[in-house]
Amino acid sequence: MRILLIEDHEALRSMTAAYLAESGFVVDDVASLEAAREALDAAAYDAIILDLGLPDGDGRSLLARRGRPLPPALILTARDSLAERIDGLNAGADDYLVKPFELDELQARLRAVLRRPGARSEVALSLGDLVFDTISREARVGGRPLGLRRRETLLLEALLAARGRIVVRDVLDERLYGYGQEVTPNALEAAVSRLRRALEAAGAGVRLETRRGIGYLLRAEAEAA
Ligand code: CA
């Protein structure tokens, strides 16, 4: 799940981004409407978190933009005015949160927005006997949670979303370690090995295959055989 966070208060933005990343979301954060428009043109997001008071205008103007449909939006407002919130909801926001807010509450509201019908991604991804809930971030086999760590969870999500197609290494590196970050050559292999062991131990009925020098794919054992 990829989230765009638009907030000009630097400390709040970095704290929120770090918290959401820790919770398993892929987060891009920007501080202005202009940067938000660029990000929305460049990437597909599952939801946006939008501050209303931004240096180059009112966040609501983003909701009104034409062209590509906007992902579900959760608005943040420091000004506790009912009119503004109603305006935001009328303009197309899905929910709002009044500052200051608890990060746990932000996450709960965000997950609720992501669960609404019409959300970009399917909530549950499944293959073989494996079911992954993209919002609770839990992978289960026969109802039993696999207890994966954050990186293995991100890896599994990327492979499941590809539906049996190969996912190239660069894409996985970016998903797991963030864009433009230096990654040690073995980091991805280590995460793949841990995920593969967890899937085998749970009897997930899937096979995590390596395509040397290219990437990885996840297939149902029934198809692979
Ligand atoms: Ca602001």
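Residues numbered from 1 in each chain as written. Predicted model: local features only at pLDDT ≥ 70, side-chain atom pairs only at ≥ 80, totals over all residues. Heavy atoms only, no water.

Engineer: Would you mind showing me how to read the coordination of the calcium ion here?
Structural biologist: At 2.2 to 2.3 Å from the calcium ion lie its protein donor atoms, namely Asp8 (OD), Asp51 (OD) and Gly53 (O). Of the residues examined, glycine 53 reaches a relative accessible area of 34% and is grouped as partly exposed. (Donors = N, O, S within 2.8 Å, 3.2 Å for Na, K, Ca; no water. Buried < 20%, exposed > 50% of the residue type's maximum accessible area, 1.4 Å probe, protein only.)

Engineer: It is not clear to me how the sheet that holds strand 11 (residues 144–145) should be interpreted in this structure. Could you clarify?
Structural biologist: Strand pairing in a sheet takes place through backbone hydrogen bonds and is either antiparallel or parallel in direction. Taken together, the four strands give an open sheet; going across it, the order is 8-9-10-11, and neighbouring strands pair in antiparallel fashion. Sheet topology places strand 8 (124–127) and strand 11 at the edges, where each strand pairs with a single neighbour. Across four bridges, strand 9 (residues 130–133) lies against strand 10 (residues 138–141) in antiparallel orientation. Among the inter-strand pairings, aspartate 133 is bridged to a residue of strand 10, identified as glutamate 138. (Pairing = 2+ DSSP bridges. Helix = DSSP H or I, 4+ residues; strand = E, 2+ residues; numbered from the N terminus.)

Engineer: What exactly am I supposed to notice about the nonpolar core here?
Structural biologist: One broad trend across soluble globular proteins is that nonpolar side chains are buried collectively. Formed by 31 residues in total, the largest nonpolar core has its most connected members in Leu130, Leu155, Leu156, Leu159, Leu160, Leu199 and Leu218. Sorting the residues of this core by element identifies strand 8, strand 9, strand 10, helix 6 (150–161), helix 7 (169–177), helix 8 (185–202), strand 13 (206–211) and strand 14 (215–220) as the ones contributing at least two each. Residues contacting leucine 218, with those up to four places away along its chain left out, are Leu127, Leu156, Leu159, Leu160, Gly164, Leu199, Val206, Arg207 and Leu208. One finds Phe25, Ala47, Leu76 and Leu103 within the second-largest nonpolar core, a separate group that totals 19 residues. (Core = buried A, V, L, I, M, F, W, Y, C linked by side-chain atoms within 4.5 Å. Contact = heavy atoms within 4.5 Å.)

Engineer: Is there a simple way to think about the domain arrangement of the protein in this case?
Structural biologist: Where interface size is quoted, it is often the accessible area lost as the parts come together. Partitioning the protein into structural domains gives domain 1 (2–115) and domain 2 (124–224). For domain 1 and domain 2, the distance between their C-alpha centroids amounts to 29 Å. With ten residues of domain 1 at the contact, the number on the domain 2 side is eight residues. Our count for the domain 1 to domain 2 interface comes out at one salt bridge. Joining domain 1 to domain 2, the criterion identifies three residue pairs in polar contact (both at pLDDT 80 or more). For the side of domain 1 that touches domain 2, the secondary-structure elements that each account for two or more residues are helix 1 (10–22) and helix 5 (103–115). Here the element with the most residues in the side of domain 1 that touches domain 2 is helix 5; it accounts for three residues. (Domains from an automatic or database assignment. Salt bridge = Lys/Arg side-chain N within 4 Å of Asp/Glu carboxyl O. Polar contact = N/O pair within 3.5 Å; in protein donor to acceptor, adjacent residues only side chain to side chain.)

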